[in-house]
Amino acid sequence: IRAPGSMHSARFRLVAQQVFSRPPALVTQRLRRRCQAANGLSWSEARFDGATVTLPDAIELTSFAAQLDNVMASVRNANRKGVWMRVPLSQGGVLPLAAAHGFRFHHAVGESAMLLAWLPEDEPCPVPDFATHVVGVGGMCINERHEVLVVQERRAATTTSQGSWKLPGGLVDLAEELDVAVEREVLEETGVRSRFKSLLALRHQHGAAFGRDDAYCVCLLSPLSAEIRACEREIAAAAWLPLPEYYEGTKATSARQGVEENFNAFVARNVIAAAEAGNLDGAAIGLAAREMPAPKGYLPGVTGLTNRETYRLYSGFH
């Protein structure tokens, strides 16, 4: 320490005043994290009594195990429960060392994987699985002559549906609205522009793509154009079929699938009944979409909040 009265001594007194005026626990915590950062690893508090371990840009595997030992001991002493650590592909060498501390894969996106270690041994882990569902849409686009726009896939998902007429559709992209997704899919597969009218039905199944659950939404659309320009890469044929003819095709597919009535046949039968009753209108059949103002105070990752000013509500209420 420099002699009293020097500039360095004055700075030392100022720092000492700032440090020792804080609660001891806070001082210990901040000093601990500074040391950890200097050693290469650091951790910070996360929601729900969790912690996030942050990797430095460069890692020496020879010293990483000892650094992780220290960090995890610090996290345990702070009574944190779930510990997150994002590992980029370029640092994949740390994965076996992390696994030794109880880290497991929670999800992976792009060029990084998110690991999770649940520390309490007397509590089950409440963290939900990542991306539990795949969401798909099918467009029932019906013109004024009560013809429905249908396609035949070049390669159907199953042999029982190969060659069958089906509704154009596909998967919803991340951050894409259902109504926007179904209009996009119909356009991509058939070249027909359309407008969303209502959500007719939703099928919920389990054990679908990548072992995830499947939510498939059939939407009622009205065409804005009529000319078909099918996507040659995915679609073998596309056509406007009278509703009764399409319904007969769904019943034939149901029989090949070993069921009396599959989901598509169920929807088609009820749409035909609505058309015969003169109720083939988005306001009279299905759930209409409406724009709702989003709650204020967005927080990333919090269910019920959104990073947009509005959100879509699908409802039969007015």
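Asks: What's the story with the overall build of the chain in this structure? I'm lost.
Replies: Of regular secondary structure, the chain possesses 7 helices and 13 strands. Looking at the chain as a whole, 36% of its 318 residues qualify as buried. Taking the intrachain contacts of the chain between residues at least 6 apart in sequence as the baseline, contacts between residues at least 24 apart amount to 60%. When the accessible surface of the chain is totalled, it reaches about 19,200 Å², and 55% of it is carbon and sulfur.

Asks: Can you help me understand the nonpolar core in this one?
Replies: Buried together is how nonpolar side chains tend to be arranged in soluble globular proteins. In terms of nonpolar packing, the biggest core is built from 24 residues, with Met 140, Ile 142, Val 148, Leu 200, Val 218, Val 267 and Val 271 touching the most fellow members. For this core, the secondary-structure elements that each account for two or more residues are β7 (147-153), β9 (194-205), β10 (213-223), α6 (243-256) and α7 (263-276). If one sorts the elements of this core by residue count, α7 sits on top with 8 residues. Leu 41, Trp 43, Phe 64 and Leu 119 belong to the second-largest nonpolar core, a separate cluster that totals 19 residues.

Asks: Where do I start with the layout of surface pockets in this structure?
Replies: Over the atoms a probe the size of a water molecule is rolled, and this reveals where empty space is left. Approximately 980 Å³ is the volume found for the second largest pocket. Taken together, 31 residues make up the lining of the second largest pocket; nearest its centre are Glu 153, Ala 157, Lys 166, Arg 203 and Tyr 216. Put simply, the parts of the chain that give the lining of the second largest pocket at least two residues each are β6 (133-141), β8 (169-171), β9, β10, α6 and α7. Partitioning the lining of the second largest pocket into residue classes produces 13 nonpolar, 12 polar and 6 charged.

Asks: I'm lost on the side chain of Asn 262 in this one. Help?
Replies: Following the sequence through the fold, Asn 262 ends up in the loop between α6 and α7. Accessibility expressed as a relative area gives 12% for Asn 262, which makes it buried. A distance of 3.3 Å separates a polar side-chain atom of Asn 262 from the backbone nitrogen of Asn 264. Sequence-distant contacts of Asn 262, defined by excluding residues within four places in its chain, comprise Thr 250, Thr 253, Ser 254 and Gln 257.

Cut-offs used in this document
Residues numbered from 1 in each chain as written. Predicted model: local features only at pLDDT ≥ 70, side-chain atom pairs only at ≥ 80, totals over all residues. Heavy atoms only, no water. Helix = DSSP H or I, 4+ residues; strand = E, 2+ residues; numbered from the N terminus. Buried < 20%, exposed > 50% of the residue type's maximum accessible area, 1.4 Å probe, protein only. Contact = heavy atoms within 4.5 Å. Areas by Shrake-Rupley, 256 points an atom, 1.4 Å probe, with all protein chains shown as cover. Core = buried A, V, L, I, M, F, W, Y, C linked by side-chain atoms within 4.5 Å. 1 Å grid on protein atoms, 1.4 Å probe; cavity = no way out; pocket = protein on both sides within 12 Å on 5 of 7 lines; lining within 4 Å. Points joined across faces, edges and corners; volume = space filled by probe spheres on them. Nonpolar A, V, L, I, M, F, W, Y, C, P; charged D, E, K, R; others polar. Polar contact = N/O pair within 3.5 Å; in protein donor to acceptor, adjacent residues only side chain to side chain.

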